[in-house]
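# Breakdown of the fold
One letter stands for each residue in the lines below.
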Amino acid sequence: QVQLVESGGGLVQTGGSLRLSCAASGRTDKLYAAYWFRQRPGEEREFVAAFTWSSGRTYYADFVKGRFTISGDNAKNMVYLQMNSLKPDDTGVYYCTAGEESLLRYDYWGQGTQVTVSS
């Protein structure tokens, strides 16, 4: 089992930055990839970014390319999401998730952290 805990959310003005962190504990050695999803008010949860520990490859949703950067540590203990040039549309709850063995597996989820961008 793996536990994920997000932190770093908060209130920021348009154009500002936030860095979200996701702390992983437990049997992290089997983790293959980590992801950030978000759920904006009144919307479905959506993919934001992905990071694979085996190759360091990253993937992004089109709406965050050039503004957000996902990264992870080699020990598979931390995953980060650096968010720059934030817009009010980025407001929502951001979730960290991670999966074992392959991409597109979301075996573990954190509780989420609120990000609010004021105009």
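So, here's what we can say about the structure. Throughout this description, residue numbers start from 1 for each chain and increase along the sequence as written. Only residues with pLDDT of at least 70 are given local features in this predicted model, and only at 80 or more are side-chain atom pairs given and counted; all residues enter the totals for whole chains, interfaces and linings. Derived side-chain values reflect all non-hydrogen atoms in the structure, with water molecules and hydrogen atoms excluded from consideration.

## What to know about the state of the cysteines
For this text, the term disulfide refers to a pair of cysteine sulfurs within 2.5 Å. What the rule picks out here adds up to one disulfide. Here Cys22 connects covalently by a disulfide to Cys96, the sulfurs 2.1 Å from one another. Torsion about the S-S bond of the Cys22 and Cys96 cystine: about -80 degrees, corresponding to left-handed handedness. A residue pair is termed long-range when its members are at least 10 positions apart, and Cys22 in strand S3 (residues 18–26) and Cys96 in strand S9 (residues 92–100) qualify at 74 residues. For Cys22, a relative accessible area of 1% puts it in the buried group. Comment: elements are numbered from the N terminus, with helices defined as DSSP H or I runs of at least four residues and strands as E runs of at least two. Accessibility here uses a 1.4 Å probe with only protein chains present; expressed as a share of the type maximum, an area under 20% marks a residue as buried, one over 50% as exposed, and anything in between as partly exposed.

## Some points on the pairing of S3
For a regular strand, the rule is simple: side chains alternate between the two faces of the sheet. For two strands to pair, DSSP has to find at least two bridges joining them. Taken together, the six bridges between strand S1 (residues 2–7) and S3 define a ladder with antiparallel strand orientation. Its bridge partner lying in S3, Gln3 is registered against Ser25. With six bridges joining them, S3 and strand S8 (residues 78–83) adopt antiparallel strand pairing. Looking at the pairing, Leu20 lines up with Leu81 of S8.

## Quick look at the nonpolar core
For soluble globular proteins, nonpolar side chains are generally found buried alongside one another. What makes a nonpolar core is a set of buried Ala, Val, Leu, Ile, Met, Phe, Trp, Tyr and Cys residues whose side-chain atoms join them at distances within 4.5 Å. Core analysis: the largest hydrophobic core is formed by 28 residues, its most contacted members being Leu4, Trp36, Val48, Phe68, Leu81, Met83 and Tyr94. Every element with two or more residues in this core is listed here: S1, S3, strand S4 (31–39), strand S5 (45–52), strand S7 (68–72), S8, S9 and strand S11 (113–118).

## Section: the pairing of S7
As paired elements, S7 and S8 share five bridges and run antiparallel to each other. Looking at S8, one finds that Gly72 is bridged to Val79. Between S7 and S8, which follow one another and run antiparallel, lie five residues, and Lys76 among them has a positive phi close to 60 degrees.

## Thoughts on the packing of aromatic side chains
Both the distance between ring centres and the angle between the ring planes are used here to describe each pair of aromatic rings. Each Phe, Tyr or Trp ring (for Trp, its six-membered ring) is paired with any other whose centre lies within 6.5 Å, and the angle between the two planes then decides the class: stacked below 30 degrees, edge-to-face above 60, tilted in between. Summed over all chains, the structure comprises seven aromatic pairs. Aromatic pair Tyr106 and Trp109: ring centres 6.2 Å apart, planes at 55 degrees, arrangement tilted. According to the relative accessible area criterion, Tyr106 is partly exposed, its value standing at 32%. You can call Trp109 partly exposed: its relative accessible area is 34%. Feature note: the residues Tyr35, Phe37, Phe47, Tyr95, Tyr106 and Trp109 constitute an aromatic cluster, connected by ring pairs. Two limits define a charge over a ring: the Lys NZ or Arg CZ must be within 6 Å of the ring centre, and within 35 degrees of the ring normal. Over the face of the ring belonging to Trp109 we find Arg45, whose NZ or CZ atom lies 4.9 Å from the ring centre.

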